[in-house]
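The residues making up each chain are set out below.
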Amino acid sequence: MKIMYLTTELIIGFFLLFIIVKFVGKKIINQITPFTFIASIVMGELLGNAVYDHQIGTFYVIYSITLWGSLLFIVEYLSQKYLMFRGIFEGKPSALIKNGIVDREELKKNRMNINQLQSLLRQSETFSIREVAFCYLEANGSISVLKKTKYQKTTQEDFNMPAKPVYVPVTLIRDGKVLWDELKDLNFDESWLKTQLTSQDISDYKNVFVAEWLEGEGLFVQKK
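Read on for a plain summary of the structure. Model, not experiment: these values are computed from the prediction.

## What about a nonpolar patch on the surface?
Alright, step 1. Residues Phe59, Tyr60, Tyr63, Leu67, Leu71, Phe73, Ile74 and Tyr77 make up a contiguous nonpolar surface patch of roughly 860 Å² in combined accessible area.
Alright, step 2. Structurally, Leu67 is set in helix H3 (residues 58-81).
Alright, step 3. Here Leu67 falls in the partly exposed class, since its relative accessible area comes to 41%.

Okay, structure coming up:
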């Protein structure tokens, strides 16, 4: 009897979840927002707890999942219909880099640091902050990057340009702290670094938000 009871509830739960995803839309999986992420977890918990609690009948499984799915559908409908609800439930993109300058306040608002920003940029095939004109943190946690004109992709074949070696940019200063291991790997020393900073009117490491070295282009520095 327990096997039959469990089988019945699992089959009902499976089809209910399938229907809800169909009605709510594929966004709940592909373009997930913080709200839909939490809503999905709660829905799974509702089904899981109901299935393995023998004191809860099949009716309550259907009721709880249907009610939660209906609330999700209403939220999605209101988000599509009204901009106010869309901003509340889906969130808004945050501009982390504007005109090539990292917005430190926006980073703090999103509880991010420069390491995490650089990691997200690398995942978007952008290995240097200097390449970025604008960078937006989307509501689902991904980033959208608009590169500066000279860093946008071009076809070398069209211009018969010879291939150039590719170098990975290296961060030398982050949040006012020198990354001495990285400096050593490049065969540079403190004297060289001070000279580079002095040429950009910077006298103290603590005044540097991020400093990045790229072979062929030199040191890119953004002050605090």
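Moving on, there is more to tell.
## A few points about the environment of Gly176
Alright, step 1. For Gly176, the position within the fold is in the loop between strand S5 (170-174) and strand S6 (177-178).
Alright, step 2. We classify Gly176 as buried; its relative accessible area is 12%.
Alright, step 3. Linking Gly176 and Ala211, residues 35 residues apart in sequence, is a C-alpha distance of 9.1 Å.
Alright, step 4. Apart from residues lying up to four places away in sequence, Gly176 is in contact with Tyr205, Lys206, Val208, Phe209 and Lys224.

## A few points about the packing of aromatic side chains
Alright, step 1. Evaluated as defined, the whole model comprises 4 aromatic pairs.
Alright, step 2. On the numbers, 5.2 Å between centres and 80° between planes, the contact of Phe188 with Trp213 is edge-to-face. With Phe188 in the loop between helix H8 (180-185) and helix H9 (190-198) and Trp213 in strand S7 (residues 208-214), the pair connects residues that are 25 residues apart, well separated along the chain.
Alright, step 3. Taking the relative accessible area as the measure of exposure, Phe188 reaches 23% and is therefore partly exposed.
Alright, step 4. On the basis of relative accessible area, Trp213 is assigned to the buried category, the value being 12%.
Alright, step 5. Geometrically, the ring pair formed by Trp192 and Trp213 is edge-to-face, given 5.2 Å between the ring centres and 80° between the ring planes. Of this pair, Trp192 sits in helix H9 while Trp213 sits in strand S7, placing them 21 residues apart in sequence.
Alright, step 6. Residue Trp192 is classed as buried on the basis of its relative accessible area of 18%.
Alright, step 7. Here the aromatic residues Phe188, Trp192 and Trp213 are joined through ring pairs into a cluster of three or more.

## Concerning the pattern of salt bridges
Alright, step 1. Within the structure shown, the criterion is met by 5 salt bridges.
Alright, step 2. Taking the shortest distance from any N to any O, the salt bridge between Lys147 and Glu131 comes out at 3.4 Å. Here Glu131 lies in the loop between helix H6 (114-123) and strand S3 (132-137) and Lys147 lies in strand S4 (residues 143-147), a separation of 16 residues in the sequence. We note that Lys147, like Glu131, is buried.
Alright, step 3. It is possible to trace a salt-bridge network through shared partners that takes in Arg130, Glu212 and Glu217.

## So, the pairing of S4
Alright, step 1. In terms of strand pairing, S3 meets S4 through 5 bridges, oriented antiparallel. Within S4, the residue paired with Val132 across the bridge is Lys147.
Alright, step 2. Here S3 folds back onto S4 in antiparallel fashion, the turn holding 5 residues, of which Gly141 has a positive phi close to 95°.

## Some words on the sheet that holds S4
Alright, step 1. Reading across from one edge, S2-S1-S3-S4 is the order of the 4 strands in this open sheet, with antiparallel pairing throughout. If you trace the sheet from one side to the other, it starts and ends with strand S2 (101-102) and S4, each paired once.
Alright, step 2. The sheet contact formed by strand S1 (residues 94-98) and S3 spans 4 bridges and is antiparallel. Opposite Ile97, over in S3, you have Cys135 as the bridge partner.
Alright, step 3. Most of the contacts of H6 go to S3, to which it runs at about 105°, and overall it touches S1, S2, S3 and S4.

Cut-offs used in this document
- Residues numbered from 1 in each chain as written.
- Predicted model: local features only at pLDDT ≥ 70, side-chain atom pairs only at ≥ 80, totals over all residues.
- Heavy atoms only, no water.
- Patch = residues over 30% accessible without salt bridge, like charges linked within 9 Å, V, L, I, M, F, W, Y side chains within 5 Å.
- Areas by Shrake-Rupley, 256 points an atom, 1.4 Å probe, with all protein chains shown as cover.
- Salt bridge = Lys/Arg side-chain N within 4 Å of Asp/Glu carboxyl O.
- Helix = DSSP H or I, 4+ residues; strand = E, 2+ residues; numbered from the N terminus.
- Buried < 20%, exposed > 50% of the residue type's maximum accessible area, 1.4 Å probe, protein only.
- Contact = heavy atoms within 4.5 Å.
- Phe/Tyr/Trp six-rings, centres within 6.5 Å; stacked < 30°, edge-to-face > 60°.
- Pairing = 2+ DSSP bridges.
- Axes fitted to C-alpha atoms, helices over the stretch in contact; angles between N-to-C directions.

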